[in-house]
Amino acid sequence: QVQLVESGGGLVHPGGSLRLSCAASGSLWTISAMGWYRQPPGSQRELVASMSTEGTTNYADSVKGRLTISKSDAMNMVFLQMNSLRRKDTTVYFCHAACRRNSGSVESDFWGQGTKVTISS
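Heads up: these notes are all about the structure in this document. Note that the coordinates shown come from a computational prediction; the quantities given were computed from them, not determined experimentally.

Moving on: the packing of aromatic side chains. Tallied over the full model, the rule gives two aromatic pairs. Geometrically, the ring pair formed by Trp29 and Phe110 is edge-to-face, given 5.2 Å between the ring centres and 80° between the ring planes. Placement of the pair is Trp29 in strand S4 (residues 29-38) and Phe110 in strand S10 (residues 107-111), with a sequence separation of 81 residues. Accessibility assignment for this pair places Trp29 and Phe110 in one class, buried. Measuring from centroid to centroid gives 4.9 Å for Tyr37 and Trp111, while their planes differ by 70°, and the two rings are edge-to-face. Taken together, the positions of Tyr37 in strand S4 and Trp111 in strand S10 put the pair 74 residues apart, joining distant regions of the chain. Under the relative-accessibility criterion, Trp111 is labelled partly exposed at 35%. The residue whose ring lies beneath Arg45 is Phe94, and the NZ or CZ to ring-centre distance is 3.9 Å. The lysine or arginine in question, Arg45, covers the ring of Trp111, its NZ or CZ lying 4.8 Å from the ring centre.

See the structure below:
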């Protein structure tokens, strides 16, 4: 299995910045994409940003220009640079990895436990 551990969450004032980190560990799997999801109050879990092995990125419209996803060369670390944070960004952020078995074409999704981000005065 692949384990994902997030860090970097915390309390920040509106307009402030945070950088979330996610460390992936495991064997027998190849990560094809990693990303960040969040679940705002009263909402379903939604994609914030993702990055494929090919370098393709996807962003939610609400975070474009403010949040930037990046990864390590080995794609065992993924980051989310969060700038110009708004109160509506407050929620738990989850790291996600889409993986394929090194042998075969089996695919599986892995999730971290989440890291809390709070934007408040």
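Next, the rest of the story.
Further remarks concern the state of the cysteines. Counting across every chain of the model gives one disulfide. A sulfur-sulfur distance of 2.0 Å marks the disulfide that ties Cys22 to Cys95. Between Cys22 and Cys95, the S-S dihedral sits near -85°, and the bridge is therefore left-handed. In this pair, Cys22 sits in strand S3 (residues 18-26) while Cys95 sits in strand S9 (residues 91-101), placing the two residues 73 residues apart along the sequence. When sorted by exposure, Cys22 lands in the same class as Cys95, which is buried. Left without a disulfide partner, Cys99 is nearest to the cysteine sulfur of Cys95, which lies 9.8 Å away.

With that settled, the discussion passes to the sheet that holds strand S8 (residues 77-82). With respect to topology, four strands assemble into an open sheet ordered S1-S3-S8-S7, the strand pairing being antiparallel. Strand pairing shows two members of the sheet lacking a second neighbour, strand S1 (2-7) and strand S7 (67-71), which therefore form its edges. The average angle at which neighbouring strand axes cross in this sheet is 15°, direction not considered. The sheet contact formed by S3 and S8 spans six bridges and is antiparallel. Pairing of Leu20 across the sheet is with Leu80, part of S8.

Ranked by internal contacts, the top residues of the largest apolar core, which has 30 residues, are Leu4, Met34, Trp36, Val48, Leu80, Met82 and Tyr93. Elements represented by at least two residues in this core include exactly S1, S3, S4, strand S5 (46-52), S7, S8, S9 and strand S11 (115-119). Residue contacts for Tyr93: discarding those within four places in its chain leaves Glu6, Leu20, Trp36, Tyr37, Arg38, Val48, Leu80, Met82, Gly114, Thr115 and Val117.

Quick look at the environment of Val5 now. Structurally, Val5 is set in strand S1. We classify Val5 as exposed; its relative accessible area is 54%. Excluding residues that lie within four positions of it along the chain, Val5 makes contacts with Ser21, Cys22 and Ala23.

Conventions and cut-offs
Residues numbered from 1 in each chain as written. Predicted model: local features only at pLDDT ≥ 70, side-chain atom pairs only at ≥ 80, totals over all residues. Heavy atoms only, no water. Phe/Tyr/Trp six-rings, centres within 6.5 Å; stacked < 30°, edge-to-face > 60°. Helix = DSSP H or I, 4+ residues; strand = E, 2+ residues; numbered from the N terminus. Buried < 20%, exposed > 50% of the residue type's maximum accessible area, 1.4 Å probe, protein only. Lys NZ or Arg CZ within 6 Å of the ring centre and 35° of its normal. Disulfide = S-S within 2.5 Å. Pairing = 2+ DSSP bridges. Axes fitted to C-alpha atoms, helices over the stretch in contact; angles between N-to-C directions. Core = buried A, V, L, I, M, F, W, Y, C linked by side-chain atoms within 4.5 Å. Contact = heavy atoms within 4.5 Å.

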